[in-house]
Amino acid sequence: MRVAFYTLGCKVNQYETAAMERILTDRGHVLVPFDGPADAYIVNTCTVTAVSDKKSRQMIRRARKQSPDAVVAVCGCYPQTHPQDAEALDVDLVAGTGDRMRFLDLLEDAAREKEPVVSLDEALRRRTFEVLPAGGLAERTRAMLKVEDGCANFCAYCVIPYARGPVRSLPLREAAEEARRLAGEGYREIVLTGIEISSWGRDLRTGETLIDLIESVCAAAPDCRVRLGSLEPRTITEDFCVRAAGLPNLCPHFHLSLQSGCDATLKRMNRKYGTARYLESVDLLRKHFQKPGPAITTDLIVGFPGETEEEFAQTLDFIRQCAFSAMHIFPYSKRPGTPAASMPGQVPNAVKEARAREAGAAAARMERRSLEQWKRVEVLFEEEKDGLWWGHTTRYCKVGVESGENLHNQLRQVDVTGVAGNALMGELAPEREA
């Protein structure tokens, strides 16, 4: 069977798609591009914003229009939280965010029997972590290793706890073994990912926390870079920083979710920290990861219900104080069924867009300053595109060079010659003679 995937959303979705691709090819199926003919189309959806829902629906309709006789299957967070909406889209298989092995069994059944199937569970009742094969079928440069699923934070704007269920963790020993296997397969970087990896281990009741997991993975794959997914600021303690700074293969890149730089807004969001605690985390990282220092990146939501001009000004002042290396900025998107959707003080779209532009301009200036400090960097090269080889540093700076060599999966020193947008441009540094 020719199978085509389209994946929306987060790194966890990307990881789960890669795992499903691997399983299907092991079963003898063939992967084909989504924009061409296929026997089955799988849309792995996202529902984090209303825009995500819209994109998910668009891709499902596109698949049906491309090949009317093919099996169209939808999985992920959108059908988990909007099952009736997903069923109404003329699909053959509707599943959610759980039991991917059963989903693939049902896909094969649907291809044979041509009968619509709906297979959904109650996410909030899940108690076990589903182990899927890490890595993927593409070039062996960076592998995502999912170590956690679910979230118990219940932020006021977010539906993900309802889509993913409670926190479930991959046991430490199994995570280390997966890291060892990925290194043996030729991957040069492993990204620890999950819905909320800061909560890793909470369900295992062993007393182990995320830093124990990080140390084990780094030890299991000493020749691989190990990069962390998004972290809650409360994860960053003195003990965490001391231990993390002692790991030579841990990338000094920390993505700390912020969402707002105003305490009143954070409280309405039901975030579990204030700006003082957040700044403490930033200061601790800069204290222990000294020159050239860590890369600290973040997410920001502007125009949350009730956000005044004064509150937004506080946020602008705070992000400048943190001096982020890079930021993702989003206008608030109303999610039906969340507390924020019915809060008073909904901000007009035009105001949200204006605030996003203003915050984006501040973020761009900070990112430029962060990039301009580099003179020579070590780059793990990943792909050739438009005549340039592209890769990333340990601090996740994107770097492009011209080269007639095949640089794929190589670690090379690069002399920086300039900044173009959000990327460094450079030349390969001469290799030292043995």
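Here, every reference points to the structure presented above.
Trainee: Pulling in residues and values, what's your account of the overall build of the protein chain?
Mentor: Looking only at helices and strands, the protein chain features 13 helices and 18 strands. Against the 2.2 N^0.38 benchmark of 22 Å for 434 residues, the protein chain shows a C-alpha radius of gyration of 22 Å, consistent with a compact globule. In terms of its C-alpha atoms, the protein chain occupies a principal-axis envelope of roughly 65 × 60 × 45 Å. For the protein chain, contacts bridging at least 24 residues in sequence account for 74% of all contacts bridging at least 6. Carbon and sulfur atoms make up 50% of the accessible area of the protein chain, which totals about 19,300 Å². Distance between charge centroids for the protein chain: 3 Å, based on 57 positive and 61 negative side chains.

Trainee: Got a sec to walk through the packing of aromatic side chains? Specific residues and values, please.
Mentor: Overall, the coordinates contain 9 aromatic pairs when judged by the stated rule. Between F154 and Y162, the ring centres sit 5.4 Å apart and the planes meet at 75 degrees, which makes this aromatic pair edge-to-face. Overall, F154 belongs to the partly exposed group, its relative accessible area being 35%. Joined through ring pairs, the aromatic side chains of Y273, Y278, F318 and F324 make up one cluster. For the cation-ring pair, K398 lies above W390, with the distance from its terminal atom to the ring centre recorded as 4.9 Å.

Trainee: How would you explain the pairing of strand β10 (residues 225-228) if you had to name every residue and give the values?
Mentor: Residues of β10 alternate between two faces, with R225 and R227 on one and V226 and L228 on the opposite face, all of them buried. Inspection of the sheet shows strand β9 (residues 189-194) paired to β10 by 4 bridges, in the parallel sense. The residue of β10 that forms the bridge with I190 is V226. A crossover links β9 with its parallel partner β10, the connecting element being helix α8 (residues 210-220), and its sense is right-handed.

Trainee: Requested: an account of the pattern of salt bridges, with residues and values cited.
Mentor: Applying the stated criterion across every chain yields a total of 37 salt bridges. A salt bridge links R227 to E189; the shortest N-O distance between them is 2.8 Å. Taken together, the residues R227 in strand β10 and E189 in strand β9 connect sequence positions 38 residues apart. We note that R227, like E189, is buried. Of the charged contacts in the structure, one is a salt bridge between R412 and E405, with a shortest N-O distance of 3.1 Å.

Trainee: Outline the nonpolar core, supporting the account with residue identities and numerical values.
Mentor: Formed by 96 residues in total, the largest nonpolar core has its most connected members in L192, I214 and F240. Among the elements that take part in this core, α8 stands out by supplying 7 residues, more than any other. Every residue in contact with I214, bar those within four places of it in the chain, is listed here: L192, L228, F240, L247 and L250. Counting residues in hydrophobic clusters, the runner-up holds 18 residues, among them L8, Y41, Y78 and A86.

Trainee: Report on the sheet that holds strand β12 (residues 295-302), specifying residues and quantitative values.
Mentor: Overall, parallel pairing links the 3 strands, which are arranged β11-β12-β13 in an open sheet. Two strands bound the open sheet, and with one partner strand each, they are β11 (253-255) and β13 (326-331). With strand direction ignored, the average angle separating the axes of adjacent strands in the sheet is 15 degrees. Examined bridge by bridge, β11 and β12 share 3 bridges and lie parallel to one another.

Trainee: Summarise the state of the cysteines; cite the residues concerned and give the values.
Mentor: Enumeration over the complete set of coordinates arrives at 0 disulfides. Summary of cysteine pairing: C262 is not part of a disulfide, and the nearest cysteine sulfur, belonging to C322, is at 14 Å. Taking relative accessible area as the criterion, C262 reaches 1% and is therefore assigned buried. Among the cysteines around C397, which has no disulfide bond, C251 carries the closest sulfur, lying 11 Å off.

Trainee: Tell me about the pairing of β9, and name the residues and values.
Mentor: The buried fraction of β9 is high, at 6 of 6 residues. Of the two faces of β9, the one carrying E189, V191 and T193 and the one carrying I190, L192 and G194 are both buried.

Trainee: A description of a nonpolar patch on the surface should follow, citing residues and the corresponding values.
Mentor: Together, L124, F154 and Y162 make up an exposed nonpolar region whose accessible area comes to about 280 Å². The class of Y162 is partly exposed, set by a relative accessible area of 41%.

Trainee: Just give me the short version of the environment of L145, but keep the residues and values in it.
Mentor: In this structure, L145 sits in strand β7 (residues 142-149). For the pair formed by L145 and A175, sequence separation is 30 residues and the distance between their alpha carbons is 7.9 Å. When near neighbours in sequence (up to four residues on either side) are disregarded, L145 contacts Y15, A134, L170, A175, E178, A179, L182, I190, V191, L192 and T193.

What counts, and where the lines are drawn
Residues numbered from 1 in each chain as written. Predicted model: local features only at pLDDT ≥ 70, side-chain atom pairs only at ≥ 80, totals over all residues. Heavy atoms only, no water. Helix = DSSP H or I, 4+ residues; strand = E, 2+ residues; numbered from the N terminus. Rg over C-alpha atoms; globule rule 2.2 N^0.38 Å. Contact = heavy atoms within 4.5 Å. Areas by Shrake-Rupley, 256 points an atom, 1.4 Å probe, with all protein chains shown as cover. Lys, Arg positive; Asp, Glu negative; His and termini not counted. Charge placed at Lys NZ, Arg CZ, Asp CG, Glu CD. Phe/Tyr/Trp six-rings, centres within 6.5 Å; stacked < 30°, edge-to-face > 60°. Buried < 20%, exposed > 50% of the residue type's maximum accessible area, 1.4 Å probe, protein only. Lys NZ or Arg CZ within 6 Å of the ring centre and 35° of its normal. Pairing = 2+ DSSP bridges. Right-handed = clockwise from strand over helix to strand, strands pointing away. Salt bridge = Lys/Arg side-chain N within 4 Å of Asp/Glu carboxyl O. Core = buried A, V, L, I, M, F, W, Y, C linked by side-chain atoms within 4.5 Å. Axes fitted to C-alpha atoms, helices over the stretch in contact; angles between N-to-C directions. Disulfide = S-S within 2.5 Å. Patch = residues over 30% accessible without salt bridge, like charges linked within 9 Å, V, L, I, M, F, W, Y side chains within 5 Å.

Keep in mind these numbers describe shape, not what the thing actually does.
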